[in-house]
Structures are given as C-alpha cells and as structure tokens.
Amino acid sequence: MLLLKPLIQFLTLLWFLCVKIPAPDVFIVQNPPSVPTLVAVKWASWLRHSTFIVDWHNFGYTLLALSLGRSSLFVALYRWFEKHYGMMANGSLCVTRAMQHELAQNWGIIATVLYDQPPEFFRPASHEEKHQLFCRIHNHLSQPYGLRDCINSGTVEMGNHDQSETLFTTQIGEDIFLKQNRPALIVSSTSWTPDEDFGILLEAAIMYDRRVAAFLNEEDSTGDEVLWKEIYDGKQFLYPRLLFIITGKGPEKEKYEEKIKKLHLKRVAFRTMWLSAEDYPLLLGSADLGVCLHTSSSGLDLPMKVVDMFGCGLPICAVSYSCIQELVKVEKNGLLFSSSSELADELMMLLKGFPNELKDLKSLRNGALEMGAKWTTEWEENAKPLISEVISGSFN
C-alpha cells in the first residue's frame, strides 16, 4: 500500500500531462513534492518532446525526514530520486541564494534565484475594509479559550453585536475610526507542524504579560475583572493588550489549543481560526504586527507567509535561521529572535505607547511597504530569460 499510492499518482499525472493537455514548449514543476512529480514530468517531457524546469522551493527529503528521521532508508531513497531527476531538468529556479549555493555545490545543479513576491491583492486594508472584516469575524473574537479573557470581557458587554462598533473600530455616520484603547492585533499563520515551534509564542506571551505587570507595579492580587473593566471604560496603559490571531490548519493545532486554555493571562488573548481566501489578505492588511515561527526543514527556503505580510505592509518578528535575512532585513522591515525571551522583548519595544507612540513599528512598516519588486518585475528579470533560453536551446 505504501508504494501503491505514489504509483497511482504517477500514472494519473502522466496521463494528464501526456493526453489531457496540449504539448507545451516547457513544463515548469515546483519541488517539493518530488515523488512522483519529478519522475512524471521528466517522462512527460521526453514523450512530448518538451523541456522541463524545476522550481526549487525546498528539498522534499528534508520534509520527509521531519517525520521519519534523517537516517531512514525511505528518506535516502527519496533524496536519490529528488537529486537524480532534478539533475535531468533543462533548467532550474530556486527561492534563495543559499539554496542556489547548495544546489551548485552538492547537487551539481545550476539554478537562477527567483524570489517569491506577493500577489497584488495582498495590500494594506482601508478603515472601511477593516471594519467590515471585524464585523464578519466578531463571533470568533468573542469566544475565548476559557470563561473570560481581556478581549471578550468587552465584547460580551456589547450584548447583541452593534454593526457600528467592533473591538477595533467605531463607525460614526459615514466615517470609521480606529479605537484608541483597541488591542494590538498580531497575526501568525502556521501549518501546526514540528518545524514551527508554537511553544515559543506561548512562552513569549506569558513573559509579556508578567513583564508589563511588573513594569506597571501591579499587585498580584489585582483582579482580572478590575483591570478589564478599566480597559473597557477607556483607560489606556503604556503597554497594550495583545490579541494573537493564529490562522491555519495542521496536526498539532488541538494540542496547542489545549495549552492556550490553561493560560491565565491578563493582557494577552489568543484566537485560532481558518479564514476564507478573501478575508486572509484583509486580516494581514488590518494587523499591527506579524510573527513567523517557520524554521525551514532544510534551512534553505523562505516562508511565503512573510512575503504576503510584506505585501500588506505588515512588519514581522521572525525566528532566526540560516537564510532568513535574505527576506527579513533586521531593523528595516522586521526583527529576528532566537528565544521566547527575545520575542517578548521585541513585543514590548515595538508596542510601547500603542497606538500612538510607535516610532520603531512605523519605521518597520514603511520598510515592509518598500520591499522590492512586484511579481511581474521579478518574473521578467529572472524567470523569463531562463525559460527563453531553455526553449530556444531545445529548438537549436
């Protein structure tokens, strides 16, 4: 059964590539997945007298190794297929200079770097778009993990939801305003897999909560309800409440949701949700900060979620690993951290005085908005010349 599934996939893909579509000049295949995709595309290119290009986004064998271990025979076999058929390609693209170096030095493959770019619909949201989004997800925001938290203590008191008011916005006539005592909205998109340690974020949230309480000289006996009522009544503090919205699906989601339920935090709340393809870009465009926990199975790829965040002008705090600085430019469009304590420090530094005195955060937001080329420019300058060369080479 273990071999039957990839065999069926191979035959299905080969039939589609050889029968269902017209013969192309070139097949472009994203890797991973490697098996059976690279094999099927190579065979199809041979049968249809086409060329093929591999677009390397990561190494498939490193993803398989997360579950089976690097010493597994299956991982070694997978790596052989990936390298063997990757070397047969007529051309290669890859997503980082670090991966370009690895392919050249250890795989014998010469690749052109093509950095991912966000689609046009990833952009900052207007006040009206923010208000409409927060109205749509109001029910999700008002449901805490546990009885009460610093977010739903206010939304519950609203009673039946008034469409002119959300947790973050108020509509007066035709005008929409952001609330002064709103929480800072922090977004993290995750696949809930072992290569993203969500525990770092939970620990940072606990540290932020305790450090703010200590900085403000709050007594441990100060009741949550007293603090939340002060916030609901409009009192502002030097450090804001934090609302982490975690999007995505994956195998470890339930495990971490159970951990969230056991937290007892005064100023931090979590919500997990799955958003539509239309609402996800709006959420990124409405947030104040992004957090990325991606560490890369190979250490050579870049997280597309950060690219999308930059498209929305959303600055990022990201886990540091070998090639992340090809995307996250420290103190220009984001910050890097290696521990939960460092992340907590960055949250306090960036959000001090929220929502008004945010010099560092605004600087990072401007840097995110200025990030490089759009997709069409990147394609014209890097991918198109390679494709033209591969096609012309096949006819000469």
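Please refer to the structure higher up on the page.
To start, this report covers the structure provided alongside it. Since this is a predicted model, take the numbers as computed values, not measurements. (Residues numbered from 1 in each chain as written. Predicted model: local features only at pLDDT ≥ 70, side-chain atom pairs only at ≥ 80, totals over all residues. Heavy atoms only, no water.)

Here we look at the sheet that holds strand β11 (residues 316-319)
Line of reasoning, step 1. Spatially, six strands are ordered β9-β8-β7-β10-β11-β12 in an open sheet, and the strand pairing comes out parallel. Looking at strand neighbours, the two that pair on one side only are β9 (268-273) and β12 (334-337), the edges of this open sheet. Between one strand axis and the next, the sheet turns through 20 degrees on average, direction left out of account.
Line of reasoning, step 2. In this structure, strand β7 (residues 184-189) lies alongside strand β10 (residues 289-292), joined through two bridges in parallel fashion. (Pairing = 2+ DSSP bridges. Helix = DSSP H or I, 4+ residues; strand = E, 2+ residues; numbered from the N terminus. Axes fitted to C-alpha atoms, helices over the stretch in contact; angles between N-to-C directions.)

Here we look at the packing of aromatic side chains
Line of reasoning, step 1. Taken as a whole, this structure holds 17 aromatic pairs when the rule is applied.
Line of reasoning, step 2. With 5.7 Å between their ring centres and 65 degrees between their planes, W56 and F59 make a pair best called edge-to-face.
Line of reasoning, step 3. Given a relative accessible area of 0%, W56 falls into the buried group.
Line of reasoning, step 4. Centroid distance F59 to W107: 4.7 Å. Interplanar angle 10 degrees. Geometry classified as stacked. Of the two residues, F59 sits in the loop between β2 (51-56) and α3 (60-68) while W107 sits in helix α5 (residues 97-107), which places them 48 residues apart along the sequence. Each member of the pair, F59 as well as W107, is classed as buried.
Line of reasoning, step 5. These aromatic residues form a ring-pair network of at least three members: W192, F198, F244, Y256 and F270. (Phe/Tyr/Trp six-rings, centres within 6.5 Å; stacked < 30°, edge-to-face > 60°. Buried < 20%, exposed > 50% of the residue type's maximum accessible area, 1.4 Å probe, protein only.)

Some points on the pairing of strand β5 (residues 169-172)
Line of reasoning, step 1. Judged from the four bridges that link them, β5 and strand β6 (residues 175-178) form a sheet pairing that is antiparallel. Each bridged residue has a counterpart across the sheet, and for I172 the counterpart in β6 is D175.
Line of reasoning, step 2. The turn linking β5 back onto β6 is made up of two residues, and G173 within it adopts a positive phi angle of 65 degrees.

Let's talk about the packing of α3 against helix α4 (residues 73-87)
Line of reasoning, step 1. One can describe the packing of α3 onto α4 by two numbers: an axis separation of 9 Å at closest approach and a directional angle of 170 degrees. Accordingly, the angle class assigned to the pair α3 and α4 is roughly antiparallel. Counting all contacts with α3, which are made through G60, Y61, L64, A65 and L68, the residues of α4 involved are F74, V75, Y78, R79 and E82.
Line of reasoning, step 2. Tallied by class, the residues present in the contact of α3 with α4 amount to seven nonpolar, one polar and two charged. (Parallel < 35°, antiparallel > 145°, perpendicular 65-115°, else oblique. Contact = heavy atoms within 4.5 Å. Nonpolar A, V, L, I, M, F, W, Y, C, P; charged D, E, K, R; others polar.)

As for a nonpolar patch on the surface
Line of reasoning, step 1. A cluster of nonpolar side chains, contributed by L4, L7, I8 and L11, occupies part of the molecular surface with about 360 Å² of accessible area.
Line of reasoning, step 2. Structurally, L7 is set in helix α1 (residues 4-20). (Patch = residues over 30% accessible without salt bridge, like charges linked within 9 Å, V, L, I, M, F, W, Y side chains within 5 Å. Areas by Shrake-Rupley, 256 points an atom, 1.4 Å probe, with all protein chains shown as cover. Salt bridge = Lys/Arg side-chain N within 4 Å of Asp/Glu carboxyl O.)

Structural notes on the environment of L216
Line of reasoning, step 1. For L216, the location among the structural elements is in the loop between α9 (199-215) and α10 (224-232).
Line of reasoning, step 2. Judged by relative accessible area, which is 27%, L216 ranks as partly exposed.
Line of reasoning, step 3. Along the backbone, L216 and F237 are 21 residues apart, and their C-alpha atoms lie at a distance of 8.8 Å.
Line of reasoning, step 4. With sequence-adjacent residues up to four places away left out, L216 is seen in contact with F237 and R267.

Quick word on the sheet that holds β2
Line of reasoning, step 1. Reading across the sheet, the four strands line up as β1-β2-β3-β4 and stay open at both edges, with parallel pairing between neighbours. Looking along the sheet, the strands with just one partner apiece sit at the ends: β1 (26-31) and β4 (112-113).
Line of reasoning, step 2. In the sheet, β1 pairs with β2 via six bridges, with the strands oriented parallel. Of the residues in β2, the one forming a bridge with F27 is F52.

Here we look at unusual backbone geometry
In most cases, non-glycine residues show a negative phi, while peptide bonds are predominantly trans.
Line of reasoning, step 1. The omega angle of the peptide bond from N31 to P32 is -5 degrees, so this bond is cis rather than trans.
Line of reasoning, step 2. Topologically, P32 is positioned in the loop between β1 and α2 (37-47).
Line of reasoning, step 3. A cis geometry characterises the amide bond from P32 onward to P33, with omega recorded as 5 degrees.
Line of reasoning, step 4. Tracing the chain through its elements places P33 in the loop between β1 and α2.
Line of reasoning, step 5. For H49, which is not glycine, the phi dihedral falls at a positive 55 degrees.

Digging into the environment of Y78
Line of reasoning, step 1. Its place among the elements puts Y78 in helix α4.
Line of reasoning, step 2. On the accessibility criterion, Y78 (16% relative accessible area) is buried.
Line of reasoning, step 3. Sequence separation of Y78 and F122 is 44 residues, and the distance between their C-alpha atoms is 35 Å.
Line of reasoning, step 4. Those residues in contact with Y78, other than ones at most four positions away along the chain, are P33, S34, V35, G60, Y61 and L64.

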